[in-house]
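Breakdown of the fold
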Amino acid sequence: MKVLNREILVRVLADAVLLSASYALALLTRLFVVFYVEKSQDISLVQGYVDIYLRSLPILLPLGIAVFALFGFYTKGRAYASRYKVLVVVQAVTLSFLLFGFLGFLLPQHVNPPRSVVFIAWAFALPLIILARLWSDFWKRLAIAEVITYERPKANSGKNVLVIGGAGYIGSALLPKLLERGYKVRLLDLLLYGKEPIQGVINHPHLEIIQADFRQVDKVVEAMQGMDTVVHLGGLVGDPACAVDENLTIEINLMATRMIAEVAKGFGISKFIFASTCSVYGASDQILDERSSLNPVSLYARSKIASERVLAMLADEQFAVVNLRFGTIYGLSGRTRFDLVVNLLTAKAVVDGKITVFGGDQWRPFVHVDDAALAVLKVIEAPVELVRNQIFNVGSNEQNMTLGQVGELIQRIIPSAELIDSGRDGDRRNYRVDFSKIRKTLDFEPQWTVEQGIRQVIGALQSGKVADYRDPIYSNVRYLTEEAASEIIKQYYTGWERELIERAHSTN
Ligand SMILES: NC(=O)c1ccc[n+]([C@@H]2O[C@H](COP(=O)([O-])OP(=O)(O)OC[C@H]3O[C@@H](n4cnc5c(N)ncnc54)[C@H](O)[C@@H]3O)[C@@H](O)[C@H]2O)c1
């Protein structure tokens, strides 16, 4: 038997009370018959029945409870827990009274109830014990229904958006769009790449900035106050950056995502939009849609798959999770990256006169950074029923291209650049993706083509807007390894813990 906990004790007590009550009712019924039907005048019978009752209980109760326990009443045995529970209860109650009657026959000096009393007690006990079970099941269902329909605290106008990791490549394209459309935006970001990416909106009256590490639960709680929607873009991004420190990657990309989502759910956030990646498809020769099997070839992709799954477990009717699997991004934003293939090959063509392509036959789905931000906006503005607990690939079927085709396109635009096929490097990714779902469901049509993106990047390089594409600020992995960024991420958290400990000591 399981440890006797409070719940079991209550159930045992309830059964003991019901058995005692049934037995008392049976004796009263028998007395009624003796006095009113059989017209007996022998008043001493009352005392005799009280004696029988008091002598019977120490036998009936332990016997009944022991039989109920053997039938799994208190340990929720398999038969008892099944839908045939009523049948099990009938068997247990019947066996209890049969044994009780048999004991009366064996030990007449201790307990000798009239046989009819045993039968009547059985007839009372049966419906009482069955009804008690049905009643308790009913209450349990009622309580569960209450919990399900319980409205978590509702936030405000629907126009308050928390963007986590919003000072990066996609975030810096998203913030201006949100602000232009009248949203009140709160940004939670460590500003690993500085304030430069959000310079254009930094003084906007509807932008609030919390510079902090999103692994800090108190900062996440602070940031969550009064929000309606959360967009989680933060993380260590890209295969090489994630490979630098695997534990750190899991902590930032997976564990923090779980914590943030749990806080968001507790705060009654209605939409939680998570930035995932088409890298989850890894290597495949098929055209892949949201239902295709995943085949990640890097820790980065695995951390995204694990996050999607954790979020799916937290999602419910009130907490709508939307996973956006972005294609490979290109184009300019507040924090343009030159560690992504279209931007990098274009910069090499302009600056070095060479387009060096590795793995020319590998497919990638491309999407402009502005269109990635547009997709987030579409999800924010979509009716929740359309996007609740959905995965969307973000991109367009027309922009699936091999890396070789990208090289050829750049060379067509910059004919002076030499196209070099360098065979394969270590990157095994190869995926062609179907984007019909986002187009049909959200009417999402990218505004940019790869060619327009290439021309935009060329313009930025030629005008001097991007001084040196090799600057580590433009590359996640180089910034994390060559600059102090990695140390900032590692130290920030422990530094914060240390500060807390010091504060605790100083108040003691
Ligand atoms: N760029 C792409 O091609 C691409 C493709 C698919 C998916 N994604 C996903 O989209 C999201 C955004 O990508 P991006 O290219 O804008 O990335 P990014 O590296 O440019 O931006 C990430 C942001 O997160 C912040 N950040 C990182 N760790 C933090 C921490 N511990 N606390 C607070 N802030 C922290 C950084 O300061 C930065 O502003 C990521 O989740 C990424 O996986 C990007």
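Throughout what follows, the structure given in this document is the object of discussion. The model shown is predicted, which means the values in this text are computed figures rather than measured ones. (Residues numbered from 1 in each chain as written. Predicted model: local features only at pLDDT ≥ 70, side-chain atom pairs only at ≥ 80, totals over all residues. Heavy atoms only, no water.)

Considerations on the pairing of strand β1 (residues 160–164)
- The buried count for β1 comes to five of five residues, which makes it a mostly enclosed element.
- The pairing of β1 with strand β2 (residues 184–189) spans five bridges and is parallel. For Val161, the partnering residue across the bridge sits in β2 and is Val185.
- Between the parallel pair β1 and β2, the chain is carried across by helix α6 (residues 171–180), and the sense of this crossover is right-handed.
- Where β1 meets strand β4 (residues 229–232), four bridges bridge the pair, whose relative direction is parallel. Bridging from a neighbouring strand, Val161 pairs with Thr229 of β4. (Buried < 20%, exposed > 50% of the residue type's maximum accessible area, 1.4 Å probe, protein only. Helix = DSSP H or I, 4+ residues; strand = E, 2+ residues; numbered from the N terminus. Pairing = 2+ DSSP bridges. Right-handed = clockwise from strand over helix to strand, strands pointing away.)

Section: the sheet that holds β1
- Here seven strands make up an open sheet; going across it, the order is β3-β2-β1-β4-β5-β7-β11 and the pairing parallel. The two strands at the open ends of the sheet, each matched to only one other strand, are β3 (207–211) and β11 (390–394). Each adjacent strand pair in this sheet contributes to an overall mean axis angle of 20°, direction not counted.
- Summarising the sheet, β4 and strand β5 (residues 271–277) pair through four bridges and their orientation is parallel. Looking at β5, one finds that Val231 is bridged to Ile273.
- With respect to the sheet, helix α9 (residues 246–266) is in contact with β1, β4 and β5, its orientation differing from that of β5 by roughly 165°. (Axes fitted to C-alpha atoms, helices over the stretch in contact; angles between N-to-C directions. Contact = heavy atoms within 4.5 Å.)

Here we look at the site of the ligand
- In the vicinity of the ligand lie 29 residues, with Asp189, Tyr300, Lys304, Arg335 and Arg337 positioned nearest.
- A distance of 2.8 Å separates an oxygen atom of the ligand from a polar backbone atom of Ile170.
- Between an oxygen atom of the ligand and a side-chain N or O atom of Lys304, the distance comes to 2.8 Å.
- Here the ligand, which alone exposes 830 Å², has 98% of that area covered by the protein.
- Only β5 and α10 (299–314) provide two or more residues apiece to the shell around the ligand. (Near = heavy atom within 4 Å. Polar contact = N/O pair within 3.5 Å; in protein donor to acceptor, adjacent residues only side chain to side chain. Areas by Shrake-Rupley, 256 points an atom, 1.4 Å probe, with all protein chains shown as cover.)

Note that every value here comes from positions in space, so none of it alone points to a role or purpose.
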